[in-house]
Amino acid sequence: MSAGHVLFTIIFVCALGFFAANIQRLIGELQLGRTDDSRWNDLPTRFGNFLRIGIFQEKIFRDSIAGPMHAAIFWGFGILTLGTIEFLIGGVIPGFNFQPYFIAPVYAFFALNQDVWAALVIAAVGMALFRRLTKRVKRLQCAETHPNDPLLILSWIASLMITMFAYEAFEMVAHPDTMTPMLRPISFGVAMAFSWMSPSAASVAHDLAWWAHGLLVLGFLNYLPYSKHLHVVASLPNVFLSNTSGPGQKGVMKAMDLEGDLEVFGAKDVTDLSWKSLLDGFACTECGRCTSVCPAHTTGKLLSPRKIMINVRERLESYAHAADKSTVADRTLLDGYITEEELWSCTSCGACVQECPVSIDQLSVIMELRRNLVLGESRFPAEVMPAFESMEQRGSPWAFDPGDRGKWAEGMNIPTMAEMAERGERPEVLYWVGCMGSFDDRAKKTTVAFAQIMQASGVKFAILGQEEKCNGDPARRMGNEYLYQMLAKDNIETLDKYGVRTIVTACPHCFHQIGNEFPQLGGNYDVVHHSTFIESLLEQGRVPIVQELHGPVRTFTYHDSCYLGRYNDVYDAPREALRRALPVMNLVEMPRSKDKGLCCGAGGGRMFMEETVGKRINVERAEEALATGADAIAVACPFCMTMMADSVKSRNANVEVYDIAEVVAGQLRA
Amino acid sequence: MKIAVCIKRVPDMDVRFKIGATGTSVDEAGLKFDISDFDGYAVEAALQIKEKANAGEVVVISLGADNVQETLRKAMSMGADRAVQLKHDAPVFDSFAIATALAAEISTGGYDLVMFGRMSIDTANQATGTMVAELLGLPIITAISKLDFDGGKVKARRELEGSYELIECPLPAIVTIDEGIARPRYPSLKGIMAAKKKPLETKPAQIGEQSYTLDKMELPAERAAGRIVGEGKDAVPELVRLLKEEAKVL
């Protein structure tokens, strides 16, 4: 064993030890978070996510330029790591390589891949540097990020590849007899360029390149834990442990036990967050895809989901590193890093969560902080107060008389559950009308239209009438878990009293809340959104509609509701219902549609808040809809309806906004 | 400073009322109750005085059946320190009888300041606070929109049409609160939890003799629906005719 090998062995062991100590430190930091036992269930789904989103980079490819670029580096890294292992063992054990352990074609394949992927990685790194330095891609240029870190990392990766080619090539020059042009064609090409060197000079060059590569590898390993490129280590575990693509239903807020003796409601600091949210902070590489799709951010509000995650990590590190814990309380995550204004800008649309390539859940951090603001400190925009009070007093965020809830149905011969129960009957479905559907003049038209469709299709349904209350979604999304649980429990009691099983509703917020979040409080129902319900009625031929095959061809564009789309993956049913009702219609898509759809601006309680900063989100969305040239906009949510109709009207555009149900009801045979 | 705030439990006014079967009370089915609006301002103002001084006590007092306990808890969840229920199961409409009971309670409390809402939003008599002041022989400033303290004096501002007046009187005193003084805070869950553990004392209400009783309640007659007489300038003559002949306002 040469002195060089001894020296390398010592460095190698130290580097590994240092890395292990750093990982242990990071795990210790994660343990500062709250326990979260929802991360190890349903292993098949988790492995599926790991493969799909992690290994096969499914979400990375949502950006068609950065996608292949990153995938080349990622896959290249995976493959080159095998070569690095061979390299490191060779550094400790003189003359070691994998060749004797594999049959020739396998080793040849391995070697060839090392060469080819290293070249691909260099190309991708070059492209990445070009995007950062020359093209200056917007989402990568932002004050909240650490702009020099990626340049350092990219240069480091390029150096790793170059030194690898160098030591392979100089080895060939030094020992022409060992040349393997077919296995390492690129290294061979480099060797050809240096063939003028004497074997002894090449041997020295090889040793230099080899040592440079070795030190770069070990240095890289140990730089990671201090860099945003910790994501190299943290993202794959994060994808596996994340619940944002299942297991379980997406977009469901964390259950909260209000009976227990909680010291902190929601989260005020990183120590109040789940350890998984802290891991999210480690996994974030500041790519900014979340922020680039955030409706609040893109219309000029202060919120940036990327900043939220950067703040979580920064705060965790400052907290963990502080020797004197009493001093760190001065600057908590809430207020010290993240302001109230940022938190209240969120529409809870879930675009950030959908977009994150490594399954980070920015939204749950925002929601936990909101819970602290409201439950702990009663801090919220003043204009929200009437909505809270009205939900509490009248079971609806708007100050309508609860006695008028069923008024839209007068003269329509629609029974209430109470009336049916009195007759000893049970409906096929309960029609959950919701507050907007019951009280808002525009939404009531949708309500009536949907009821007409069901009546014409012979669906036996009932409503709750006065017994229905707000499901609590706005309260919950605004952090008022107490009010939410009060409303939800009241509703569950009413639904269970009548033994309700199947519910249909025209409101995606009711749909999501009752179907996916009531189970946390013991309410279990099959909830169907009216778009799916109408679609299936149409498919079964139960709806007596006139299918006009002639006449003017209308052009529709459909605006996806976040709580229907991203939260519940219902994208096709509303579109299909439109097509079935209007066979000759043109359906054009907006640039941002389906799981990339832009929020209308009303979710997350934003409906009840002023929007004074930046451009109005609904204006942004309406402009996008109008730019398609459609003469009608279809929606499937009463909140979207208000937002879209208002902004279309304010632009004096001669374009109508319809709910899916109105379109279908318009085709009913007289 | 020790402050008492007298609060009343009233129904939410944004619902349609029905008269109960007896004809002398409101049908409570479907009604929601809360602190009367002006009393809520008074509670908030009292809490702010205490918070500013970082000392003192705020006691809330309400007269009524056990359901007023919910109202008292709400005030405590906002931050009041303790509560007193003057228990009386049947509704009382006579302000003087109520004032008598409240005065009896307040006289034993050693309060520096007693606060009322300017009026309750259900019966709107504006009488109780003033009557309590008279019964206790204390100075009173009514319908104030701002208050300050200077030595042993309270200085209050009353809004008048187009102007205001500033009045001061020595403590102890009674004030009744108009809107605009402070927006009542929304109780945090922390406050709600804390309120469950705060003391709520129940005593029989020493109601005086009721000099008047309620005979009958009636809803106001429904207003006739509006009419659209036409559109544009062609409709003007008809509108003028109706205003003259039917509405008789021209």
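Below, the structure is looked at part by part.

Cut-offs and rules
Residues numbered from 1 in each chain as written. Chains lettered and ligands numbered in written order. Predicted model: local features only at pLDDT ≥ 70, side-chain atom pairs only at ≥ 80, totals over all residues. Heavy atoms only, no water. Helix = DSSP H or I, 4+ residues; strand = E, 2+ residues; numbered from the N terminus. Contact = heavy atoms within 4.5 Å. Areas by Shrake-Rupley, 256 points an atom, 1.4 Å probe, with all protein chains shown as cover. Lys, Arg positive; Asp, Glu negative; His and termini not counted. Charge placed at Lys NZ, Arg CZ, Asp CG, Glu CD. Buried area = accessible area lost by both parts, 1.4 Å probe. Salt bridge = Lys/Arg side-chain N within 4 Å of Asp/Glu carboxyl O. Polar contact = N/O pair within 3.5 Å; in protein donor to acceptor, adjacent residues only side chain to side chain. Nonpolar A, V, L, I, M, F, W, Y, C, P; charged D, E, K, R; others polar. Expected span 1.5 Å × (residues − 1). Buried < 20%, exposed > 50% of the residue type's maximum accessible area, 1.4 Å probe, protein only. Pairing = 2+ DSSP bridges. Axes fitted to C-alpha atoms, helices over the stretch in contact; angles between N-to-C directions.

## Here we look at the overall build of chain A
Moving on, step 1. In terms of helices and strands, chain A carries 29 helices and 8 strands.
Moving on, step 2. Across its three principal axes, chain A shows a C-alpha extent of roughly 100 × 70 × 45 Å.
Moving on, step 3. Residue pairs in contact within chain A that sit at least 24 positions apart in sequence constitute 79% of those at least 6 positions apart.
Moving on, step 4. When the accessible surface of chain A is totalled, it reaches about 27,000 Å², and 60% of it is carbon and sulfur.
Moving on, step 5. Side chains of chain A carry 61 positive and 74 negative charges; the gap between the two charge centres is 3 Å.

## A short note on the interface of chain B and chain A
Moving on, step 1. Across the contact, 17 residues belong to chain B and 25 residues belong to chain A.
Moving on, step 2. For the chain B and chain A pair, buried surface summed over both sides reaches about 1,800 Å², with 50% attributable to carbon and sulfur atoms.
Moving on, step 3. Considering only the surface of chain B that becomes buried against chain A, Arg16(B), Tyr186(B) and Leu189(B) emerge as the three largest contributors, covering 38% of it.
Moving on, step 4. Scanning the region where chain B abuts chain A turns up 2 salt bridges.
Moving on, step 5. Between Arg16(B) and Asp404(A) there is a salt bridge, with the nearest N and O atoms lying 2.7 Å from each other.
Moving on, step 6. There are 10 residue pairs in polar contact (both at pLDDT 80 or more) connecting chain B and chain A.
Moving on, step 7. Secondary-structure elements contributing two or more residues to the side of chain B that touches chain A are strand 3 (33-35) and helix 5 (189-196) of chain B.
Moving on, step 8. For the side of chain B that touches chain A, the element with the most residues is helix 5 of chain B, which contributes 4 residues.
Moving on, step 9. Grouping the amino acids of the side of chain B that touches chain A by side-chain chemistry returns 8 nonpolar, 1 polar and 8 charged.

## Describing helix 21 (residues 441-456) of chain A
Residues and elements named next belong to chain A.
Moving on, step 1. Here helix 21 is 16 residues long and its end C-alpha atoms lie 23 Å apart, about the 22 Å a rise of 1.5 Å per residue gives.
Moving on, step 2. Looking only at helix 21, the buried set comprises Ala443, Thr446, Thr447, Ala449, Phe450, Ala451, Ile453 and Met454.
Moving on, step 3. Two or three places before arginine 442, at the opening of helix 21, aspartate 440 has a side-chain oxygen 3.2 Å from that residue's backbone nitrogen.
Moving on, step 4. Among the residues trailing helix 21, glycine 458 stands out with phi positive, at a value near 75°.

## Observations regarding the sheet that holds strand 11 (residues 200-204) of chain B
All names here are of chain B.
Moving on, step 1. Strand order in the open sheet made by the 9 strands is 9-8-7-10-6-1-4-5-11, with mixed pairing throughout. Here the strands that pair on one side only, and so sit at the sheet edges, are strand 9 (163-170) and strand 11. Pairs of neighbouring strands in the sheet enclose a mean axial angle of 30°, with direction left out of account.
Moving on, step 2. As judged from the 5 bridges shared by strand 1 (residues 2-6) and strand 4 (residues 57-64), these two strands associate in the parallel manner. Within strand 4, the residue paired with lysine 2 across the bridge is glutamate 57.
Moving on, step 3. Along the sheet, helix 2 (residues 68-78) contacts strand 4, strand 5 (82-87) and strand 11; its crossing angle with strand 4, the most-contacted strand, is approximately 165°.

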